[in-house]
Amino acid sequence: MTPLVWTKFKIPPLRAKSVLRPRLLEKLNRGLDSRLILISAPAGFGKTTLLVQWLQSLALPALWIALEEADDDPIRFFTAWITCLRQAIPSYCEDVLQILLTAQLPPADLLAAELINPLTQLNQSIILVLDDFQHIQDQIILRFLQDLIAYQPTDFHLAILSREDPPLPLARLRSQNDLVEIRTSDLRFEPPESGQLFNDLLNIDLEPSVVQTLTERTEGWAAGLQLAALSLQGNLHPQHLIQDLTRGTRFILNYLAEEVLNKQPPDIQDFLLKTSLLSTLSAERCNILTGRQDSADLLETLDKSNLFIQPLDEQFHFYRYHALFAELLRNRLNRMEEKEVRNLHLRAAQALLAEGLVTESLFHFLAAKDYSSVLDLLEKNIWHWINYMPAGQIEGVLSQIPGDVQFSHPRLLLGLGWLYLLRGNFPRLAGILQSLDILLPEGEPVFEEAALIKAERFALQANFLQVQQKFDEAIQSARQSINLLNGKDERIASLAYLALGAGQRQKGNYEEARTALENAIHLSRKNDDPVTDILAVSHLTLMALEYGQLGLAAVTAQQAIQHLEQHPHGYPAVLGAVYGALGWVYYHRGQLEQASQHFQRGIHLAELSGHNASAVYSLVGMARLQIAQGQPIAARQYLQQAEQFYQKGAPAWVLPELLSCKSLLALAEGNHLEAGAILSVSGITPDSPVTPFSETLLLAWLRLTAALENSEQFPPALELARRILHFSRASRRNYTLLQNLVLGAILHFKNGDEAQASQWLAEAAQIAISAGYRSVFFEQKSSLLPLLKIVRFPEAETLLHPVDEKQQGALPQRPSTGDDNLGGVALTERELEVLRLLAQGYTYNQIAEQLVVSLNTVRFHVKGIYGKLGVTKVNQAIAEAHRQGLI
């Protein structure tokens, strides 16, 4: 997202002299008792001047947002909205702002509630002005404003300035007397007001009859009157001008503006034309575009001469041309030679780039067709943009670059490749890799730069290969990348380690996978690469779950979320991968409300980021949860969505869990044939070897056999259970072991072997209680109840129900190590300090003084403590900390 320029929030300063319009000011005063103030008229009718006069006449705080075309984007609009309101309410919507800053958009209903509710608690009236609203057409923004108007807080007042009527329910508001509107007919100058403009403000002495005629010919149009006044300066024969003003507003504009422009000295005309490229003018930028050194003085002179230039700040550092005048100047500029115009764009780009305005400079470089500079900016910034900008926005910029230029630059192709990998656009990614193969020579690279490019190409290929389940090849490519780098580029190394860890995870090599993924996390955090960090964390979290390490899974995910939520740039939407993985932690612990919240967050962020893998496993998690709660219809809807995301392009490793859950739903609905058909499609049969990929589907076959009640199938199923038992113990995949023990216990019981059933169930309960797993037991509750009536096993019986999240103490606990609190994440040293001081009765202010930190920092740590301990109040946090032995 293009950074917001602070001048868009400045109320435009009034000129020293302006025509006061008491009749309109009185009408605006009545707007304080209505839901909406609307000033709607074409450009140049004095909308802004009138509203600023009104604001200055009030004793109320006022805020201003100058909208532009780029603001017709929900993320940018709501970022501006919150940024503006935080001038009056410093704590307003901090959480929402952090999400928006990373190009994420919360659900519309939630967003509206988050933005409107704080406005109901204002302790004074506030007026917010949306200027140039004609740029806004986005339905999400308009729907929010409709909600705001419908539920408008008492002390919040909204004013809209627009060149056309906004698509809001104006007729309903009008019928309910909730709309105060000022329109073109209201804004037209009457002859006495025109006389005041000419004679008193512009020092042009005109006869009343001439003023009357000019007012009639311009139809009271303020801009036309001002242009006429400028044209009349030094003109002894105003009748000649009056005779020409007979052909309508557009003609009057062009005629008068040309008259005004042609009357300026050549150097002023040159200045006006060249600087019209800029949306915001400053002396420094104008000096660069024109080659002058006196732009500051000239801008001030133009402002004083009323030459349609408007200051944007009280220090008179930034200005902009009136929209009508800027349009005229740019039209004339485009008649100049293309080479000269492109050169001006190039100077504008360089001026903006020198100020650090990279995105703004990019568009001027594109207009200048300076593709080498465009590519240079993209190559330097594309990884940052991949982390923090919507993918569609990046692709929009790239679409303006000719294809032959794109496909001749390896670093740009690599950036595109990573973008397509994240969005699951595998066909395009394959094309990128082929193009890179053509560009990059075979053999060992001679130069370091070539080695780095080739190393990144290997890293990209490795990640693509592991998505395709070509794990051996992925591991080989990742190692080639790491060897080529030889420690020279940690960002690329983190990407290679990500592929290496993911590949080793799928092959079941726990130690190698964990080491590689931890390397990826460490290096990505050193190099401010949150996307790689997040993907490595999600792999490590999911792998920890597979090995029955709920504590490690929770610690890894929670610490990543905490780390990224403190990031100065916010966190990218792909963080949904971690939220979804953490949802599985809560699900397995039986904390279904927490699981649902994290799955839903994962789904939403996955939709924003286009990360299909996390969308699939988050949706499957929600489906499993719905099945456990007896909601098959909702479960089927989630699975249908998961199927759609998988078809868009997701790695094959998410498929077993998707198919397993579909078969589980069929069993829950009593449809055994459908469950078997689903599993048959996978290509995994009960006779297949047990591998990390097949284990989930083999367990699903066991579950189906247990449900069929066909005693002839029990012996072969028990043989499969013994094979899975051997594999899971040898590979230490404790979650697989746990599921297999429970299903094996059920099969042994149905096969008449109560002793074996008891033995398998006892081991399963021991693992579940030790590791904190409940899901396997409450999912199989109906099958376990008959067994538990014969084999009394109190420990197992406690696991048959999800956790009562209002009474967390019901969850069987290991002796606390500090890592076993709710969510499984250890408190930091600073959080422990804060917690101890809270227990001693310190207030937030006293803690801030004791630790020499700000009050906001204390609040941040308390929020972290609450989240980790699963509480909402100080006394609850202290009680839970005592229970866990933390203090």
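Look a little higher up for the structure.
On a predicted model such as this, the values are computed, not experimentally measured, just so you know.

Procedures and definitions
Residues numbered from 1 in each chain as written. Predicted model: local features only at pLDDT ≥ 70, side-chain atom pairs only at ≥ 80, totals over all residues. Heavy atoms only, no water. Helix = DSSP H or I, 4+ residues; strand = E, 2+ residues; numbered from the N terminus. Buried < 20%, exposed > 50% of the residue type's maximum accessible area, 1.4 Å probe, protein only. Contact = heavy atoms within 4.5 Å. Areas by Shrake-Rupley, 256 points an atom, 1.4 Å probe, with all protein chains shown as cover. Pairing = 2+ DSSP bridges. Axes fitted to C-alpha atoms, helices over the stretch in contact; angles between N-to-C directions. Expected span 1.5 Å × (residues − 1). Phe/Tyr/Trp six-rings, centres within 6.5 Å; stacked < 30°, edge-to-face > 60°. Lys NZ or Arg CZ within 6 Å of the ring centre and 35° of its normal. Parallel < 35°, antiparallel > 145°, perpendicular 65-115°, else oblique. Left-handed = near helix turned anticlockwise from the far one by under 90°. Nonpolar A, V, L, I, M, F, W, Y, C, P; charged D, E, K, R; others polar. Salt bridge = Lys/Arg side-chain N within 4 Å of Asp/Glu carboxyl O. Core = buried A, V, L, I, M, F, W, Y, C linked by side-chain atoms within 4.5 Å.

Concerning the overall build of the chain
Thinking step 1. When its secondary structure is counted, the chain shows 47 helices and eight strands.
Thinking step 2. In the chain, buried positions account for 57% of the 887 residues.
Thinking step 3. A fraction of 68% describes how many contacts in the chain between residues 6 or more apart in sequence connect residues 24 or more apart.
Thinking step 4. Carbon and sulfur atoms provide 50% of the accessible area of the chain, an area that totals close to 37,200 Å².

Remarks on the sheet that holds strand β1 (residues 36-40)
Thinking step 1. Taken in spatial order, the five strands of this open sheet run β2-β3-β4-β1-β5, and their pairing is parallel. Strands at the two margins of the open sheet, each flanked by one partner only, are β2 (62-66) and β5 (179-183). Averaged over all adjacent pairs, the angle separating strand axes in this sheet is 15°, with direction ignored.
Thinking step 2. One ladder, built from five bridges, connects β1 with β5; its direction is parallel. What sits directly across from Ile 37, in β5, is Val 180.
Thinking step 3. Contacting β1 and β5, helix α1 (residues 22-29) crosses the sheet at an angle of about 155° to β5.
Thinking step 4. Helix α6 (residues 139-150) rests against β1, β3 (126-131) and β4 (156-162) of the sheet, and its axis sits at about 135° to β4.

What about helix α29 (residues 530-546)?
Thinking step 1. Here α29 contains 17 residues, and its C-alpha end-to-end distance of 24 Å stays within 8% of the 24 Å for a straight helix at 1.5 Å per residue.
Thinking step 2. Along α29, 17 of the 17 residues are buried, which leaves the element largely enclosed by surrounding structure.
Thinking step 3. Gly 548 sits one or two positions beyond α29 and adopts a positive phi of about 75°.

Some thoughts on the side chain of Ser 663
Thinking step 1. Of note, Ser 663 is situated in helix α35 (residues 655-668).
Thinking step 2. We classify Ser 663 as buried; its relative accessible area is 2%.

Overview of the packing of aromatic side chains
Thinking step 1. Overall, the coordinates contain twelve aromatic pairs when judged by the stated rule.
Thinking step 2. Between Tyr 510 and Tyr 547 the ring centres are 4.6 Å apart and the planes differ by 50°, which places this aromatic pair in the tilted class. Here Tyr 547 lies in the loop between α29 and α30 (550-565) and Tyr 510 lies in helix α28 (residues 510-526), a separation of 37 residues in the sequence. By the burial criterion, Tyr 510 is buried, and Tyr 547 matches it.
Thinking step 3. Here the aromatic rings of Trp 584 and Phe 599 are separated by 5.5 Å at their centres, their planes lie at 75°, and the arrangement is edge-to-face. Of the two residues, Trp 584 is situated in helix α31 (residues 576-589) and Phe 599 in helix α32 (residues 592-609); the sequence distance between them amounts to 15 residues.
Thinking step 4. Through pairs of rings, three or more aromatic residues link up here, namely Phe 77, Phe 78, Trp 81, Phe 144 and Phe 156.
Thinking step 5. A cation sits over an aromatic face here: Arg 505 above Trp 653, 4.7 Å from the ring centre.
Thinking step 6. Lying across the ring of Tyr 579, Arg 601 places its NZ or CZ 5.5 Å from the centre.

Concerning the packing of helix α33 (residues 612-628) against helix α34 (residues 632-649)
Thinking step 1. Packing of α33 against α34 brings their axes to within 8 Å, and their N-to-C directions diverge by 165°. Here α34 runs roughly antiparallel to α33, going by the angle between their axes. Seen along the crossing, α33 lies across α34 with a hand that is left-handed. Contact residues: α33 offers Asn 612, Ala 615, Val 616, Leu 619, Val 620, Met 622, Ala 623, Gln 626 and Ile 627, while α34 offers Ala 634, Ala 635, Tyr 638, Leu 639, Gln 641, Ala 642, Phe 645, Tyr 646, Lys 648 and Gly 649.
Thinking step 2. When its residues are assigned to classes, the contact of α33 with α34 shows 14 nonpolar, four polar and one charged.

Here's the deal with the pattern of salt bridges
Thinking step 1. Within the structure shown, the criterion is met by 37 salt bridges.
Thinking step 2. Across the pair Arg 183 and Asp 165 runs a salt bridge, and its minimum N-O distance is 2.8 Å. Taken together, the residues span a long stretch of sequence, with Arg 183 in strand β5 and Asp 165 in the loop between β4 and α7 (170-175) at a distance of 18 residues.
Thinking step 3. The exposure class assigned to Arg 183 is partly exposed, which follows from its relative accessible area of 23%.
Thinking step 4. Asp 376 is the partner of Lys 380 in a salt bridge, and the nearest nitrogen-oxygen pair spans 3.2 Å.

A word on the pairing of β1
Thinking step 1. With five of five residues buried, β1 lies mostly within the body of the structure.
Thinking step 2. What you see with β1 is no split at all: Leu 36, Leu 38 and Ser 40 on one side and Ile 37 and Ile 39 on the other are buried throughout.

Here's the deal with the nonpolar core
Thinking step 1. In this structure, Leu 702, Leu 738, Phe 777 and Leu 784 are the most contacted members of the largest nonpolar core, which totals 174 residues.
Thinking step 2. Once residues within four sequence positions are removed from consideration, Leu 784 is found in contact with Val 742, Ile 746, Leu 761, Phe 777 and Leu 800.
Thinking step 3. Judged by nonpolar contacts, the second largest core, of 45 residues, contains Ile 89, Tyr 92, Leu 119 and Leu 130.

A few points about the packing of helix α37 (residues 695-708) against helix α39 (residues 734-750)
Thinking step 1. Orientation of α37 relative to α39, taken along the N-to-C sense of each, is 20°, at an axis distance of 10 Å. Comparing the axis directions of α37 and α39 gives the class roughly parallel. Handedness of the crossing formed by α37 with α39: left-handed. Mapping the contact onto sequence places Glu 695, Leu 699, Leu 702, Arg 703, Thr 705 and Ala 706 in α37 and Thr 736, Gln 739, Asn 740, Leu 743, Ile 746, Leu 747 and Lys 750 in α39.
Thinking step 2. In terms of residue class, the contact of α37 with α39 is made up of six nonpolar, four polar and three charged.

Examining the environment of Arg 525
Thinking step 1. Considering the arrangement of structural elements, one finds Arg 525 in helix α28.
Thinking step 2. Relative accessible area serves as the criterion here: at 32%, Arg 525 is assigned to the partly exposed category.
Thinking step 3. Along the sequence, Arg 525 and His 563 sit 38 residues apart, while their C-alpha atoms lie 9.4 Å from each other.
Thinking step 4. Residues within four places of Arg 525 in sequence aside, it is in contact with Asp 533, Val 537, Ala 560 and His 563.

Remarks on the environment of Leu 718
Thinking step 1. Residue position: Leu 718 is located in helix α38 (residues 714-731).
Thinking step 2. For Leu 718 and Leu 747, which are 29 residues apart along the polypeptide, the C-alpha to C-alpha distance reads 6.9 Å.
Thinking step 3. With near-sequence residues (within four places) excluded, Leu 718 lies in contact with Gly 744, Leu 747, His 748 and Asn 751.

These figures capture arrangement, not role.
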